[in-house]
Structures are given as C-alpha cells and as structure tokens.
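Each chain is listed here by its residues.
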Amino acid sequence: PIARKTERMSKVAPSSDTTPTVIAKNGVRWDALAAIIASLVGFLALLVAGYTAYIQRQQVRAQVWPYLQFEFSTVLAHLEWRNQGMGPAIVHSVQAFVDGKPQHNWHELKHSLAIDDLHFTTSSMNGTVLTPGQTLEWIKFQNEADFARFFDAGKRMKFRYKICYCSTLDECWLFDSDAPRRQSIDRCQELPDADEFRD
C-alpha cells in the first residue's frame, strides 16, 4: 500500500508590518483612548507651566516696580521727587512748559515766569536713577517767600512738567502734572533737543 500524506492544515505566517489593535468586547479602542489621555495630560502640563511662568513674571514685576512721586513743601521751600516703589526708577526724559511753550533749562524757565531775580539751587533729573526710597531735591529756594513767588507764578503762567521713567524690565510710565494719574506706556520716546528740559 502506498502511504498518502495529506496536508490537512496550511500555516500562514503573519505579516511583520501589521500591529494588532486591542479592541474590547464593547468596541473601545484602548490605543486611541490612551493617545487622547496622553494628549490631555500634555496640554494640562503646558497650562500649568504657562501659569507658573506668569506668576513668576508678576512677582518679578512687583519686586522691581518703581513709583515716582512729586512733592513740595512750603516750609522747606523746595520741590522734590521721591521713588516710593520697590525697584529703581530710570528717568529717560524731562519736559517743562510755560503757557504751553517748551522750556530748555531753569534759567529760561525763570525768565518765562518773570522771576529772574529769584535765587535757587537745582538738581538734574535727566538720566537719573532713583533707588527705592531715594529723594531728589529738584529745586530749592532760599526762603518761603521766594517759594511762594515761584508757586504763584507757576499757577498764573501754567507751569507744566512731564517725566518719563522706566523699570529695570523696561516697563515705562509718563508722569504729567496736568493728568490725574500717571500713564503706563510702551516706552519712553526719544525727544528732540527743542522739546527736552535739560534742567
């Protein structure tokens, strides 16, 4: 008898470039769900990192925030600037006006106010850096009577001044004596010589 060999089963090797997909009995694709969860976790981590950076930025801003305050005293017969903020105030420009006309120095301003005979000492604000708590005596008169004359002339002739200053983070403000409050601005503009007060 001739023995017959019958191949009852044929084996097919699976393709090496196919990846089995795990599907639960209820039809959920676990690999897709895992990818979605991973994406959500990454997005939440990004939000947390962004919020943390924002908080740190706000804390640094508070630590270097300058606040220039203008003060005067009839008893001390002077005008002064004081930095009441937490960080240095970097003064970039100074402007002064009498009846809307730009003044270039104290001598010219005295003449415009018709008080040439008054004697006083001054300090420059241009390019000054005031540290926290520091004061700068802008103008000092010999006595209260001279201060009163200057003050009255300034009111009558509309003496106005502007100071532009920045923090160490290049955040800038404009102090205008005619404005109710200081204004936050992008940067201090470079002024032509005809507009700047060189005190």
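Shown above is the structure to which this text applies.
Residues numbered from 1 in each chain as written. Predicted model: local features only at pLDDT ≥ 70, side-chain atom pairs only at ≥ 80, totals over all residues. Heavy atoms only, no water.

A. Main features of the packing of aromatic side chains. Using the criterion set out here, one finds 22 aromatic pairs in the structure. Centroid distance Trp81 to Tyr161: 6.0 Å. Interplanar angle 90°. Geometry classified as edge-to-face. One end of the pair, Trp81, is in strand S2 (residues 78-83); the other, Tyr161, is in strand S8 (residues 159-166), and 80 residues separate them in sequence. In this structure, Trp81 and Tyr161 share a single accessibility class: buried. Both rings, one in Tyr161 and one in Phe175, keep their centres 6.4 Å apart while their planes meet at 10°; by these two values the pair is stacked. Within this pair, whereas Tyr161 is found in strand S8, its partner Phe175 is found in strand S9 (residues 172-176), the two being separated by 14 residues in sequence. Judged by its relative accessible area of 11%, Phe175 falls in the buried class. The positively charged end of Lys110 is found above the aromatic ring belonging to Phe120, 5.1 Å away from the centroid. The ring of Tyr67 is capped by Arg182, whose NZ or CZ atom sits 3.9 Å from the centre of that ring. (Phe/Tyr/Trp six-rings, centres within 6.5 Å; stacked < 30°, edge-to-face > 60°. Helix = DSSP H or I, 4+ residues; strand = E, 2+ residues; numbered from the N terminus. Buried < 20%, exposed > 50% of the residue type's maximum accessible area, 1.4 Å probe, protein only. Lys NZ or Arg CZ within 6 Å of the ring centre and 35° of its normal.)

B. Geometry of the pairing of S8. The buried count for S8 comes to seven of eight residues, which makes it a mostly enclosed element. Across eight bridges, strand S3 (residues 89-98) lies against S8 in antiparallel orientation. Among the inter-strand pairings, Phe97 is bridged to a residue of S8, identified as Arg160. As defined by bridge partners, S8 adjoins S9 across five bridges and the pair is classed as antiparallel. Paired with Ile163 across the two strands is Phe175, which belongs to S9. (Pairing = 2+ DSSP bridges.)

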